[in-house]
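# Reading the structure
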Amino acid sequence: MALTLFFGPGVGHTYLGVARRGLWWALLPPLAGLVLCASVIRTRAGYGLIAPGVLVIVLVRLGALVDVFMVPVARLRRTSLAWVFLFWVATVVYAVGLSLVIRAHIVQAFKIPAGSMQPTLLVEDHVYVAMGAFRREPAMRGGLAVFVHPEHPEQDYVKRVIALPGDTIEVRNGHPLLNGWAVPYCTVGSGVALPPSKVDDAVSEPRGDLELEYLGDQSYLVFIDDRVTERDGQTWTVAPNELFVLGDNRNNSADSRSWFQGRGGGVPFENLIGPPLFIWLAFRADGSVDWQRMNQRLDGPHLPPTLSALEPALRACLRSKPAQTEPPAAH
């Protein structure tokens, strides 16, 4: 029992000479974690699945403890500690290998270090990202994407996809025009103060207009900072196999408009990592946990808790979604 308790399911069984029985117990917890991660991606249910998943893993460990006592006395034959150690090492390697596969191909956690995606993502938000999802379904206009920065491959960025290959795009006062068509939006609030955020020991509280933008199947919040004047008048044509991305904090975002020494440019398809699914951990500027934003899904607009008074205006904007949310084809 002590071997199972301290070294994991299956180790005690191996010591008692029933290694095959122990192997099943050793395989169950990592497999349960794999199924859990896959379910989170499919349903975006977040903690609604994590809590039951953790419970299943705990029950497996308890079941292994109980099952050690169920081994028939007639089958008991002590195994050398060397073989028990090898079994334990093999199970650890299996669990670590499976976790690396999960991180590389299923789901991985990312941290938001800056405020370029406010109000959708705030500084110190931690999100889960569906790894490799864009290999199965292409990124669409209006959706979020995590990607490897095209100029700095050591950095991962998250932005919103605005334009697809062949599109022409211009940004005026923070608002994109695609193929000459202005992306529609609805004003949720003017003179709005975003929640304070802390970056490099400096606390900022941006103030400006909060708007709901409609693009493709997505409706999402964007922020137009009153203190920053955006340079207008430049037009880009998105290259083949690339995406043009913008931050939701439109006037405070290093995105496709400013890359490549200010010339601008897109994100190559091969740089795409996956879409963020939900916020699993969030902190305020003072370092305290923001419990209200934990487990918040990212497939729709959500106001920060400090702006809850604007909820009626947000619902009104959602109801007034225009019929046309797709741009005309590029010429």
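Residues numbered from 1 in each chain as written. Predicted model: local features only at pLDDT ≥ 70, side-chain atom pairs only at ≥ 80, totals over all residues. Heavy atoms only, no water.

### Side note on the side chain of N249
Inclusion rule: For the purposes of this entry, the term helix denotes a DSSP run of H or I that reaches at least four residues, the term strand denotes a run of E that reaches at least two, and both are numbered from the N terminus. In this description, contact between two residues means that some pair of their heavy atoms is separated by no more than 4.5 Å.
Among the structural elements, N249 can be located in the loop between β14 (242–246) and β15 (267–268). In contact with N249, other than residues within four places in its own chain, are G115, S116, M117, Q118 and F223.

### A few points about the environment of T91
For T91, the position within the fold is in helix α5 (residues 81–105). Considered as a pair, T91 and P30 are 61 residues apart in the sequence and their alpha carbons are 9.6 Å apart.

### Considering the state of the cysteines
The test is simple: Criterion for a disulfide: a pair of cysteine sulfur atoms at a distance within 2.5 Å. Each residue is assigned to one of three classes by its accessible area relative to the maximum for its type, calculated with a 1.4 Å probe on protein chains only: buried under 20%, partly exposed between the two thresholds, exposed over 50%.
Per the stated rule, a full pass over the model turns up 1 disulfide. Note that C186 is cross-linked by a disulfide to C317, the S-S spacing being 2.0 Å. Between C186 and C317, the S-S torsion sits near -65 degrees, and that sign places the bridge as left-handed. In this pair, C186 is assigned in strand β8 (residues 185–193) and C317 in helix α7 (residues 311–319), connecting sequence segments 131 residues apart. With respect to class, C186 is no different from C317; both count as buried.

### Concerning the side chain of S253
Using the following cut-off: N or O atoms within 3.5 Å of each other form a polar contact, as long as, within protein, one can give a hydrogen and the other can take it, and as long as residues adjacent in sequence are counted only when both atoms are side-chain atoms.
Relative to the assigned elements, S253 resides in the loop between β14 and β15. There is a polar contact of 3.0 Å between the side chain of S253 and the side chain of K159. For S253, the side chain forms a polar contact with the main-chain nitrogen of G247, separated by 3.3 Å. In contact with S253, not counting residues within four places along its chain, are S116, K159, G247 and S258.

### Focus on the pattern of salt bridges
Definition in use: Whenever Lys or Arg places a side-chain nitrogen within 4 Å of a carboxyl oxygen from Asp or Glu, that contact is recorded as a salt bridge.
A full pass over the atoms with the stated rule returns 10 salt bridges. Note that R160 is salt-bridged to D248, the shortest N-O span being 2.8 Å. Placement of R160 in strand β4 (residues 156–163) and of D248 in the loop between β14 and β15 is noted, with a sequence separation of 88 residues between them. Grouping residues by exposure puts R160 and D248 together as buried. Close ionic contact of D255 with R257 constitutes a salt bridge, the shortest N to O distance being 2.8 Å. The network of salt bridges with common partners includes R141, D167 and E326.

### Description of the packing of aromatic side chains
Quick note on the threshold: Pairing of aromatic side chains requires ring centres within 6.5 Å, counting the rings of Phe and Tyr and the six-membered ring of Trp. Pairs whose planes differ by under 30 degrees are stacked, by over 60 edge-to-face, and all others tilted. Only lysine NZ and arginine CZ atoms are considered, and such an atom sits over a ring when it is within 6 Å of the ring centre and within 35 degrees of the ring normal.
A complete count under the given rule lists 6 aromatic pairs for this structure. Pairing F147 with Y157 gives two aromatic rings, centres 6.2 Å apart and planes at 50 degrees, and the pair type is tilted. Taken together, the positions of F147 in strand β3 (residues 144–148) and Y157 in strand β4 put the pair 10 residues apart, joining distant regions of the chain. By relative accessible area, F147 is classed as buried at 0%. Judged by centre distance (5.3 Å) and plane angle (45 degrees), the rings of W236 and F244 are tilted. In this structure an aromatic cluster arises from ring pairing among Y128, F278 and W280. Positioned above the aromatic ring of Y220 is the side chain of R160, whose terminal nitrogen or guanidinium carbon lies 4.0 Å from the ring centre.

### Side note on the pairing of β14
Rules: Pairing between strands is defined by DSSP: at least two bridges between them are needed.
The element β14 is extensively covered by neighbouring structure, given that 4 of its 5 residues are classed as buried. Bridge count between β4 and β14: 3 bridges; the pairing is antiparallel. Counted as the bridge partner of R160 is L246 from β14.

### Focus on the environment of H331
On the secondary structure map, H331 appears in the segment after α7. Exposure remark for H331: the relative accessible area of 98% places this residue in the exposed category. Measuring from C-alpha to C-alpha, the distance between H331 and N179 comes to 7.8 Å, with 152 residues separating the pair along the chain.

### Re unusual backbone geometry
A negative phi holds for most residues other than glycine; trans holds for most peptide bonds. Here the residue pair Q118 and P119 is connected by a cis peptide bond, since its omega of 5 degrees sits within 30 degrees of zero. You can see P119 is positioned in the loop between β1 (107–111) and β2 (126–130). For N179, which is not glycine, the phi dihedral falls at a positive 50 degrees. By secondary structure assignment, the location of N179 is in the loop between β6 (175–178) and β7 (181–182). One non-glycine residue, Q261, adopts positive backbone phi at about 55 degrees. Mapped onto the elements, Q261 comes out in the loop between β14 and β15. Assessed through its relative accessible area of 66%, Q261 is described here as exposed.

### Concerning empty space enclosed by the protein
Condition: Space inside and on the surface of the protein is sampled on a 1 Å grid over the protein atoms alone, with a cavity defined as a set of points where a 1.4 Å probe fits but cannot get out and a pocket as an open set with protein on both sides within 12 Å along at least 5 of 7 lines; lining residues have an atom within 4 Å of a point. Grid points are joined across faces, edges and corners, and a volume is the space filled by probe spheres set on the points. By the convention adopted, Pro, Cys, Tyr, Trp, Phe, Met, Ile, Leu, Val and Ala count as nonpolar, Lys, Arg, Asp and Glu as charged, and the other residues, Gly among them, as polar.
A full pass over the atoms with the stated rule returns 1 cavity of 30 Å³ or more. Here the largest cavity is characterised by a volume of approximately 50 Å³. For the lining of the largest cavity, the residue count by class is 3 nonpolar, 4 polar and 1 charged.

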